[in-house]
Amino acid sequence: MGRYEHFTIGKRNLKCDNNWQELSCNEFKISKPTVFCFGGNSTISAKTANGMCKIAQNLIGFKQQATGEFATEEDVDFIGVVLGVNSIAGDGALTQEEKTEFVQNYFLPLCVNENGVPLPKEQILKNFNQITFFSHCYGSNEISDLLQETFHQMSALGINKNTANEALNEMFTVSYAPFKKCGYPSLQVIPMKDIFLENGPQNSPVSKQFLESDFATNSNGTVVYKEDSSTISILTSNMLQESMDEHSVDLIRRDENWKLINDDGVEYGDEISKAMGYALAGSIANSIQNQNSTTFTPKPTINAILEDVKDILVEAQSSEFENIIEKIKSEQANSAVQQATTSSSTVTAGQTEGNILEQQNIATYIQSPSQQN
């Protein structure tokens, strides 16, 4: 369980030593609902990657034996990604070559046959529906990059871009303390007491503006909202009643009986952990349903997930936080409209000026036939 120079993957397997089964990067293929677990850039050992898988399993209430209940080992694979050490600082990360390899090994077989010919659209959507992601911190950056790489490679294979987008929208990501918004359907939990990511995840302007406000440093509560059309954000001031930093993914861990492990002085951590578990389980349950059916049911919509998460967080939600978020979203929407109007006016002015010059050039050309040669 030492460090690796190249990424490796393993599977949470309760029948193996340490509940971990190392897999061949080149031979593993997605054959059932699969959860890819990406930890932060310290996930450079099998032990750490296995720990992420265990957190994901317990969040959804994973059953250890095939009793016919939801999400057993026969139903779903939990795949942990061990990052290679590719920096002087000793941090883990996927290189661009590894991202390309990752996509080619695991995602492209979902959209083309053995001869490289694209599969029917319906089959592509059903195949991509089998994938769910769970991440912490820098792991969200790797997922975001992998999704972009998948889109580019699908397009290069001649797959219609709308089909590629629809396929990627059948995936779902659940992240705690994310480094970066994933860009496709996801739920991200943003602890306000995070000394590593004080301004929240990248590409999340609503959350960033909230976190930079004085209000955020002087109030308690949680709020859940749509960061954009594909992303649900949960902001929380206090996972625990007293703590200085709440970046650690351990704060959402649940045990085999679905009880929050770190429940000493808990504030909003229990509700948030439940909400994450619900979103994760919902994606997996949909995948299981589709695998066992001849028909296809798309993943739950972001709006449907949002309403269910609100029901779970009902007592923890702050009306003050909600009002601030709505104000920020309104301000940003108005600013976007103003920028678009200004940009449109600039383009129109440029076009008008260009048309005048073009007319002047035509007039000069007509008046000077001797210069036509």
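**What to know about the pattern of salt bridges**
Throughout the structure, instances matching the rule amount to twelve salt bridges. Across the pair Lys181 and Asp228 runs a salt bridge, and its minimum N-O distance is 2.4 Å. Taken together, the positions of Lys181 in the loop between strand E6 (172–176) and strand E7 (186–191) and Asp228 in strand E8 (residues 222–228) put the pair 47 residues apart, joining distant regions of the chain. With a closest N to O distance of 2.5 Å, Lys208 and Glu212 form a salt bridge. Because the salt bridges share partners, they merge into one network encompassing Lys99, Glu142, Asp145 and Lys180.

**Description of the nonpolar core**
Note that soluble globular proteins tend to have their nonpolar side chains buried in a common cluster. By size, the foremost hydrophobic cluster in this structure holds 45 residues, and its most contacted members are Phe78, Phe134, Tyr176, Leu187, Ile234, Ile252 and Met276. Broken down by secondary-structure element, the contributors of at least two residues to this core are strand E3 (34–38), helix H1 (46–59), strand E4 (77–82), E6, E7, strand E9 (231–236), helix H8 (269–291) and helix H9 (302–312). In this view, Ile234 contacts Leu187, Gln188, Val189, Ile190, Val223, Val224, Ile272, Ala275, Val309 and Leu313; residues no more than four positions away in its chain are not counted.

**Quick look at the sheet that holds E6**
Judged by pairing direction, the sheet is mixed, and its nine strands sit side by side in the order E2-E1-E4-E3-E5-E6-E7-E9-E8 without closing on themselves. The open sheet has two free edges, formed respectively by strand E2 (20–23) and E8, since each of these has just one partner strand. Between one strand axis and the next, the sheet turns by 20° as a mean value, whatever way the strands run. Pairing of strand E1 (residues 8–12) with E2, which is carried by four bridges, proceeds in the antiparallel orientation. Bridge pairing in E2 links Gly10 to Glu22. Each of E1, E2, E3, E4 and strand E5 (131–136) is contacted by H1, which is oriented at about 150° to E4, the strand it contacts most.

**Here's the deal with the packing of aromatic side chains**
The description of two aromatic rings rests on the distance between their centres and on the angle between their planes. For the structure on display, the rule yields 13 aromatic pairs. Ring plane angle 70° and centroid distance 5.8 Å describe the contact between Phe102 and Phe107, whose orientation is recorded as edge-to-face. You'll find Phe102 and Phe107 in the same group, each marked buried. Ring pairs connect the aromatic residues Phe7, Phe28, Phe36, Phe38, Phe102, Tyr106, Phe107 and Phe133, which therefore count as one cluster. Over the ring of Trp258 we find Arg254; its NZ or CZ atom is 4.4 Å from the centre of that ring.

**Quick notes on the side chain of Ser287**
Topologically, Ser287 is positioned in helix H8. Setting aside anything within four residues of it in sequence, one finds Ser287 in contact with Pro33, Asn129, Gln130, Ile131 and Lys299.

**Structural notes on unusual backbone geometry**
The backbone phi angle of Ala177 is positive, close to 50°, even though this residue is not glycine. In this fold, Ala177 is placed in the loop between E6 and E7. Of note in this structure, Trp258 is not a glycine but carries a positive phi near 65°. In this structure, Trp258 sits in the loop between E9 and H8. Judged by its relative accessible area of 32%, Trp258 is partly exposed.

**Focus on the pairing of E6**
Across the five residues of E6, five count as buried, placing the element largely inside the fold. Neither face of E6 is open: one carries Phe172, Val174 and Tyr176, the other Thr173 and Ser175, and all of them are buried. With five bridges connecting them, E5 and E6 associate as parallel partners. Directly across from His136, in E6, lies its bridge partner Tyr176. Where E6 and E7 come together, four bridges link them in parallel fashion. Across the sheet, the residue bridging to Val174 is Leu187, located in E7.

**Overview of the pairing of E7**
Counting buried residues in E7 gives six out of six residues, a clear majority hidden from the surface. Residues Ser186, Gln188 and Ile190 line one face of E7 and the alternating positions Leu187, Val189 and Pro191 line the opposite face, and both faces are buried. The pairing of E7 with E9 spans six bridges and is classified as parallel. Each bridged residue has a counterpart across the sheet, and for Val189 the counterpart in E9 is Ile234.

**A few points about the packing of helix H4 (residues 139–156) against helix H5 (residues 161–168)**
Helix-helix packing: each pair is described by the crossing angle between the helix axes and the interaxial distance. Interhelical geometry of H4 versus H5 gives an angle of 150° and a closest axis separation of 9 Å. Here H5 runs roughly antiparallel to H4, going by the angle between their axes. In this structure, H4 crosses over H5, and the sense of that crossing is right-handed. For the pair H4 and H5, contact is made by Leu147, Thr150, Phe151, Met154 and Ser155 and by Lys161, Ala164, Asn165, Ala167 and Leu168, respectively. Of the residues that constitute the contact of H4 with H5, the class distribution is six nonpolar, three polar and one charged.

**Structural notes on H9**
Every buried residue belonging to H9 is among Ile302, Ile305, Leu306 and Val309, and all of these are buried. Looking straight down H9, one finds that the buried residues subtend no more than 100° of arc, so they occupy a single side.

**Considerations on helix H3 (residues 121–128)**
Ile124, Leu125, Lys126, Asn127 and Phe128 are the residues of H3 that are buried. Against helix H2 (96–107), E5, H4, H5 and H8 lie the buried residues of H3.

**Thoughts on the confidence of the model for the chain**
For the chain, per-residue confidence averages 88 on the pLDDT scale, and 88% of positions sit at 70 or higher. Scored below 50 in pLDDT, residues 352–373 makes one contact in the model with residues more than four places away or belonging to other chains.

Quick notes on the rules
Residues numbered from 1 in each chain as written. Predicted model: local features only at pLDDT ≥ 70, side-chain atom pairs only at ≥ 80, totals over all residues. Heavy atoms only, no water. Salt bridge = Lys/Arg side-chain N within 4 Å of Asp/Glu carboxyl O. Helix = DSSP H or I, 4+ residues; strand = E, 2+ residues; numbered from the N terminus. Core = buried A, V, L, I, M, F, W, Y, C linked by side-chain atoms within 4.5 Å. Buried < 20%, exposed > 50% of the residue type's maximum accessible area, 1.4 Å probe, protein only. Contact = heavy atoms within 4.5 Å. Pairing = 2+ DSSP bridges. Axes fitted to C-alpha atoms, helices over the stretch in contact; angles between N-to-C directions. Phe/Tyr/Trp six-rings, centres within 6.5 Å; stacked < 30°, edge-to-face > 60°. Lys NZ or Arg CZ within 6 Å of the ring centre and 35° of its normal. Parallel < 35°, antiparallel > 145°, perpendicular 65-115°, else oblique. Left-handed = near helix turned anticlockwise from the far one by under 90°. Nonpolar A, V, L, I, M, F, W, Y, C, P; charged D, E, K, R; others polar. Arc of directions from axis to C-beta. pLDDT = per-residue confidence, 0-100.

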